[in-house]
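# Architecture and fold: a report
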Amino acid sequence: MWFKKVHFQYNRLENIFVRDGGEISFLVFFRMGIALIALIELASLYMDLPSFFSLSETLIPQELMYLQFGDFMYLHSFYEFLETHGLTGIFYKLSVPTYIIALVCLFLGLFTRYVAGIALILQLIIFRSFGPFNYGYDFFLTMSLFYCLVFPVGHYFSLDAKIFKRSKDVSFNYRRVLQIHLAIAYFFSGIAKGLDVGWWNGNSVWKAITSVDNSFYSFYPVLLTIVGIGTVLLEFSYPFLVYKKGTRKYVITAIILMHASIAMMMGLYAFSAMMIVWNVAAFGNITMMNKTSNVETA
Amino acid sequence: MKKKILVLFFTGHLLLIFFQALWANIDSYSNFHFDKSLRIPLLSLFKQNKYTEPYYILSGINTGYGFYGTHTSTEKYLKIAYLDANDKEIKSDRYFRLSRTNAIKRLEGYASFLTNYVADTEKLIEEDTTAASDTSPDVIRLRKRYQFRKDYVVKTLKWLGKREAETISGCTSYNIKLITIVPEDVWERKRKTKPKIYVVQEGTFPVQ
């Protein structure tokens, strides 16, 4: 009896992750999209990176950057280990180039799982070393690289597939993991905003977009209120609207437009690009790739 | 068997995300409205704790999804003025040699972090309501903690301008300000008026 109940519950769980035909295009798009965004973001930061992460050119000493951050315990032990073994200089010289090579290999799908692991560890060490300068994008990149490590993203349209000719069967709907993750993220983001009165009267939108370098402070309060309420409702209802096939394309379009607006108005280009890639990978219908994937799985 | 492992692993992973997001929401709401962190035993099991922390960090899920949610803050920035021996401004700067939007946005994030840090330190100081002569271990610990935090902010501001100031001829000191845009009610403020700013923290340091 007890075993039957457990088995029944497990089957219900398994049904959540049943294949729906879009897994292969998802895996390919996700791998290439994440690697590309990470490379572009790094290129846009490359000139200024020594101010955040270097042996002697940082804005403030490296240890002051991570001293008051959650990962201090791990980073401090790591840097102490480097210091004890005289490896600090070599680490600073090699870490960023190694990270770039790992991302390029991830894009091409060469030794994918290994390079995803290397990229993940290096991204954590490099970027958390200037933790207070991190923002949402860095956390989403960590999550993305983690997914590239645990999902079989290198099994299709990759150099690995050409070289190693592995079995190409996918028995699990990895896309569903990203779909549920996104649904949780937007739902709680909607709740957090909804609990703040500022999102219902335009004040929070004004606070978020007003800068001493722009003139967004002069937007009409009515417009700010509409944007605020629209954002709360869109994010809160995202899991429900995206679940229904009939409303899916509208809510995905709306959320992409929202992220595009964030990119333009707040200058958070990398974060917006990352969220758009997640949304398209999770719910987009990449027709051309699906056709190809049918050939692959035949 | 592999499928069973995958189903159980990803179910656990998604549950952790759910609990972390739920806890982050409750915690930030409670902190803002009641000025205290809530302790919910069931959530404490799953949220980031010493047992789950390595996995949270490695998978990147050690974050909330508030995205400018509860108590959205206004823009914060740092401004430095390099001064000569007569305290006359030689030049001023907001970007600390950073050239690209990406890095400048990150610097703004840091200014936000510092502002919150200063505010939290002030809260700790307010908690110290005992007499100066009180030397009980808890009070000493509290005082050491906020003194450390005050020193951290001063040290950080000092470092931010140090290197550049040394390269400017005639510069004998520099002044750094941590500035915030003052929150206003959009329905009451004059629409076309520029936002007011407020200096959260300021420090002047000699070039050594």
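Conventions adopted
- Residues numbered from 1 in each chain as written.
- Chains lettered and ligands numbered in written order.
- Predicted model: local features only at pLDDT ≥ 70, side-chain atom pairs only at ≥ 80, totals over all residues.
- Helix = DSSP H or I, 4+ residues; strand = E, 2+ residues; numbered from the N terminus.
- Buried ≥ 20, exposed ≤ 12 C-beta atoms within 10 Å, placed from the backbone.
- Contact = placed C-beta atoms within 7 Å.
- Pairing = 2+ DSSP bridges.
- Axes fitted to C-alpha atoms, helices over the stretch in contact; angles between N-to-C directions.
- pLDDT = per-residue confidence, 0-100.
- Nonpolar A, V, L, I, M, F, W, Y, C, P; charged D, E, K, R; others polar.
- Core = buried A, V, L, I, M, F, W, Y, C linked by C-beta atoms within 7 Å.
- Parallel < 35°, antiparallel > 145°, perpendicular 65-115°, else oblique.
- Left-handed = near helix turned anticlockwise from the far one by under 90°.
- Expected span 1.5 Å × (residues − 1).

A few words on the overall build of chain B. Along the backbone of chain B there are 5 helices and 4 strands. Its helices and strands taken in sequence order, chain B reads α-α-α-β-β-α-α-β-β from the N to the C terminus. Considered along the principal axes of its C-alpha atoms, chain B spans approximately 75 × 50 × 45 Å. Relative to its 208 residues, chain B shows a buried fraction of 26%.

Assigned secondary structure in chain A consists of 16 helices and 0 strands. Across its three principal directions, the C-alpha atoms of chain A cover 60 × 60 × 45 Å. Buried positions account for 45% of the 298 residues belonging to chain A. Counting only contacts in chain A whose residues sit at least 6 apart along the sequence, the fraction spanning at least 24 positions is 72%.

Across a sheet, paired strands are connected by hydrogen bonds in the backbone, their directions being either parallel or antiparallel. All names here are of chain B. With antiparallel pairing, the 4 strands of this open sheet are ordered in space as β2-β1-β3-β4. Pairing within the sheet leaves two strands with one partner each, and these edge strands are β2 (89–93) and β4 (197–206). Ignoring strand direction, the axes of neighbouring strands in this sheet form an average angle of 20 degrees. Two elements, strand β1 (residues 76–83) and β2, share 4 bridges in a ladder whose sense is antiparallel. Bridge pairing in β2 places Tyr82 opposite Lys91. Across the face of the sheet, helix α4 (residues 101–127) comes into contact with β1, β3 (173–181) and β4 while running at roughly 95 degrees to β1.

When the pLDDT values of chain B are averaged, the result is 87; 96% of them are 70 or greater. Here the prediction assigns the complex a pTM of 0.91, and the interface score ipTM is 0.90.

Counting residues at the interface gives 60 residues for chain B and 57 residues for chain A. Contributing elements (two or more residues each) for the side of chain B that touches chain A: α1 (2–34), α3 (53–59), α4 and α5 (137–167) of chain B. If one sorts the elements of the side of chain B that touches chain A by residue count, α1 of chain B sits on top with 13 residues. For the side of chain B that touches chain A, the class distribution of residues is 30 nonpolar, 19 polar and 11 charged.

Moving on to the nonpolar core. All names here are of chain A. One finds Leu27, Leu106, Ala119, Leu145, Cys148 and Met274 to be the most contacted residues of the largest nonpolar core, which totals 103 residues. Contacts of Met274, omitting those with residues within four sequence positions, involve Ile37, Tyr137, Phe140 and Leu141. Counting residues in each nonpolar core, the second largest holds 7 residues, with Val205, Trp206, Ile209 and Leu224 among its members.

Residue and element names in this part refer to chain A. It is the contact of helix α7 (residues 112–128) with helix α8 (residues 136–150), at a shortest axis distance of 8 Å, that shows an interaxial angle of 160 degrees. Relative to α8, α7 is oriented roughly antiparallel. Seen from above, α7 lies across α8 with left-handed handedness. Between α7 and α8, the residues in contact are Arg113, Ala116, Gly117, Ala119, Leu120, Gln123, Leu124 and Phe127 and Asp138, Leu141, Thr142, Leu145, Phe146, Cys148 and Leu149, respectively. Residue classes in the contact of α7 with α8 are distributed as 10 nonpolar, 3 polar and 2 charged.

Moving on, we come to the packing of helix α10 (residues 174–194) of chain A against α1 of chain B. In the contact formed by α10 of chain A and α1 of chain B, the axes pass within 10 Å of each other and the chain directions differ by 10 degrees. When the axis of α10 of chain A is compared with that of α1 of chain B, the two are roughly parallel. The segment α10 of chain A lies against α1 of chain B, with Val177, Ile180, His181, Ile184, Ala185, Phe188, Ile191 and Ala192 of chain A engaging Phe10, Leu14, Ile17, Phe18, Ala21, Leu22, Asn25 and Ser28 of chain B. Here the contact of α10 of chain A with α1 of chain B is composed, by residue class, of 13 nonpolar, 3 polar and no charged.

It is worth spelling out the environment of Gln179 of chain A at this point. All names here are of chain A. On the secondary structure map, Gln179 appears in helix α10. Measuring from C-alpha to C-alpha, the distance between Gln179 and Tyr238 comes to 11 Å, with 59 residues separating the pair along the chain. Discounting residues that sit within four places of it in the chain, Gln179 has contacts with Ala282 and Phe283.

To continue, consider the environment of Leu268 of chain A. Examined against the element boundaries, Leu268 of chain A turns out to sit in the loop between α14 (245–266) and α15 (269–283). In sequence terms Leu268 of chain A and Ser158 of chain A are 110 residues apart; their C-alpha atoms lie 30 Å from each other. For Leu268 of chain A, the residues in contact, after removing those within four places along its chain, are Ile262 and Ala263 of chain A together with Lys105 of chain B.

This part covers the environment of Asp196 of chain A. With respect to the helices and strands, Asp196 of chain A occurs in the loop between α10 and α11 (198–201). Between the alpha carbons of Asp196 of chain A and Val232 of chain A there is a distance of 10.0 Å; along the sequence they are 36 residues apart.

Residue and element names in this part refer to chain B. Look at Asp87: it is not a glycine, yet its phi comes out positive at around 60 degrees. Within the secondary structure layout, Asp87 lies in the loop between β1 and β2. C-beta crowding within 10 Å serves as the criterion here: with 11 such atoms nearby, Asp87 is assigned to the exposed category. A positive phi angle, near 70 degrees, is found at Arg97, a position not held by glycine. Topologically, Arg97 is positioned in the loop between β2 and α4.

Helix length check: α10 of chain A (21 residues) gives 31 Å between terminal C-alpha atoms against 30 Å at 1.5 Å per residue, within 8%. With 19 of 21 residues buried, α10 of chain A lies mostly within the body of the structure.

Of all residues in chain A, 95% attain a pLDDT of 70 or more, and the chain-wide mean is 90. Low pLDDT, under 50, characterises residues 290–298 of chain A; the predicted model gives this stretch 10 contacts beyond four residues in sequence or across chains.

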